[in-house]
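# Breakdown of the fold
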Amino acid sequence: PRSTLFPYPTLFRSADAVGLGRPTQAERLYEQAVARAGDVPWRITVRIDWVATEVALVTGRATAAAEPAERALAVSRAAGGVRHTVKSTMMLGATLTAGGTPDGRKRAKGLLTEALRASLTWGMFSLTWPSALSLAELAPADHDHLTKIASDALTSVFWWSDVTMRRLAATSPWLPTALIRSGEATRRSARLTT
C-alpha cells in the first residue's frame, strides 16, 4: 500500500520553490504532491493547505488562497495543534491582508494580533516575525514597534539556524534580510513582548 507520507517530500520541495521565488515550479510540485496524497493524517492535510495557500499567493491569486487557509485553520483548531493553529492563523491573516478588502483587512488584523501574541507566548519566533510584519502593514501607528519585534524575532531565528539554513534564508526573495541585525542573537535577547 502507498504510504500516507509519500507526498511529503514533494510538498516540501513545492514550499521551498515558493521560498526561492519559483512560482511555476512550486505549482507543478504542489499538483504532484496532491495527486499522490491519499488518506493522510491531519498534520499533512494542514500542510497541503498551507502550500496551496502559498502557491496561490505567489502566483497572484489571493482570493483563491483564502479557502485553503481557512481550511487549515479549522483543521488545526479542531485537532488542538498549537503550532499548526498559530501558523494557520498567521497565514490566513496574511492572505486576507493580501486580498485587500476592508472586511478582510479588519479580520486579518485580529488574526495577526492573535498569531503574534501566541507566537511570542510559545517562543515560536519563526512565526513571530511574519506576523509582526504583516500586522505592521495594517497598524501604521504601531509600525515601528512591530517592525522591531519582527527584527528581534528574525535575528533570533537566523542566528539559531544552522549554516545551510542561514545561507538559504539569505538568498530567499521573501526574507527581509535588512531586518537581521549583525552579531549573534542570544536566547535572552529573543524574549520579545508586544
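Since the structure is predicted, the reported quantities are computational estimates derived from the model, not experimental observations. (Residues numbered from 1 in each chain as written. Predicted model: local features only at pLDDT ≥ 70, side-chain atom pairs only at ≥ 80, totals over all residues. Heavy atoms only, no water.)

### Section: the overall build of the protein
Helix and strand counts for the protein come out as 9 helices and 0 strands. Going residue by residue from the N terminus, the α and β elements of the protein occur as α-α-α-α-α-α-α-α-α. When the 194 residues of the protein are sorted by exposure, 43% land in the buried category. In the protein, once contacts between residues fewer than 6 apart in sequence are set aside, the share between residues at least 24 apart is 62%. With an accessible surface of roughly 10,300 Å², the protein has 57% of that area assigned to carbon and sulfur atoms. (Helix = DSSP H or I, 4+ residues; strand = E, 2+ residues; numbered from the N terminus. Buried < 20%, exposed > 50% of the residue type's maximum accessible area, 1.4 Å probe, protein only. Contact = heavy atoms within 4.5 Å. Areas by Shrake-Rupley, 256 points an atom, 1.4 Å probe, with all protein chains shown as cover.)

### Some details on the confidence of the model for the protein
In regions of low pLDDT, the predicted coordinates are not meant to be interpreted in detail. In the predicted model, the protein carries a mean pLDDT of 87, and 90% of its residues have values of at least 70. Here residues 185-191 is modelled with pLDDT under 50, and outside its nearest four sequence neighbours on either side it reaches 9 contacts, counting other chains as well. (pLDDT = per-residue confidence, 0-100.)

### What about the packing of aromatic side chains?
Per the counting criterion, the structure on display carries 1 aromatic pair. Note on Phe158 and Trp159: the rings are 5.4 Å apart at their centroids and 90 degrees apart in plane angle, and the pair reads as edge-to-face. On the accessibility criterion, Phe158 (13% relative accessible area) is buried. Directly above the aromatic system of Trp50 lies the positively charged group of Lys87, at a separation of 4.2 Å from the ring centroid. (Phe/Tyr/Trp six-rings, centres within 6.5 Å; stacked < 30°, edge-to-face > 60°. Lys NZ or Arg CZ within 6 Å of the ring centre and 35° of its normal.)

### Topic: the side chain of Thr85
With respect to the helices, strands and loops of the structure, Thr85 is situated in helix H5 (residues 82-99). Judged by relative accessible area, Thr85 falls into the buried class, the value being 15%. Here Gly81 takes part through its backbone oxygen, which lies 2.7 Å from a polar atom of the side chain of Thr85. Sequence-distant contacts of Thr85, defined by excluding residues within four places in its chain, comprise Leu73, Ser76 and Arg77. (Polar contact = N/O pair within 3.5 Å; in protein donor to acceptor, adjacent residues only side chain to side chain.)

### What to know about the layout of surface pockets
Here the largest pocket is characterised by a volume of approximately 1,800 Å³. Around the largest pocket sit 43 residues that line it, and Gly19, Glu54, Lys87, Trp129 and Trp174 are the ones nearest its centre. Put simply, the parts of the chain that give the lining of the largest pocket at least two residues each are helix H1 (8-19), helix H3 (42-58), H5, helix H7 (125-138), helix H8 (143-160) and helix H9 (163-171). Residue composition of the lining of the largest pocket, by class: 28 nonpolar, 8 polar and 7 charged. (1 Å grid on protein atoms, 1.4 Å probe; cavity = no way out; pocket = protein on both sides within 12 Å on 5 of 7 lines; lining within 4 Å. Points joined across faces, edges and corners; volume = space filled by probe spheres on them. Nonpolar A, V, L, I, M, F, W, Y, C, P; charged D, E, K, R; others polar.)

### Description of the environment of Ser172
Here Ser172 shows up in the segment after H9. For Ser172, a relative accessible area of 16% corresponds to the buried category. Along the sequence, Ser172 and Leu20 sit 152 residues apart, while their C-alpha atoms lie 5.2 Å from each other.

### What about the packing of helix H4 (residues 62-79) against H5?
For the pair H4 and H5, the least separation of the axes is 8 Å and the interaxial angle reads 160 degrees. Regarding the angle of H4 to H5, the classification is roughly antiparallel. H5 is crossed by H4, and the crossing has left-handed handedness. Side by side, H4 and H5 meet where Ala62, Ala65, Ala66, Ala69, Glu70, Ala72, Leu73, Ser76 and Arg77 of the first sit next to His84, Thr85, Ser88, Thr89, Leu92, Thr95, Ala98 and Gly99 of the second. In terms of residue class, the contact of H4 with H5 is made up of 8 nonpolar, 7 polar and 2 charged. (Axes fitted to C-alpha atoms, helices over the stretch in contact; angles between N-to-C directions. Parallel < 35°, antiparallel > 145°, perpendicular 65-115°, else oblique. Left-handed = near helix turned anticlockwise from the far one by under 90°.)

### Structural notes on the side chain of Asp49
Examined against the element boundaries, Asp49 turns out to sit in helix H3. A distance of 2.8 Å separates polar atoms of two side chains, one belonging to Asp49 and the other to Arg71.

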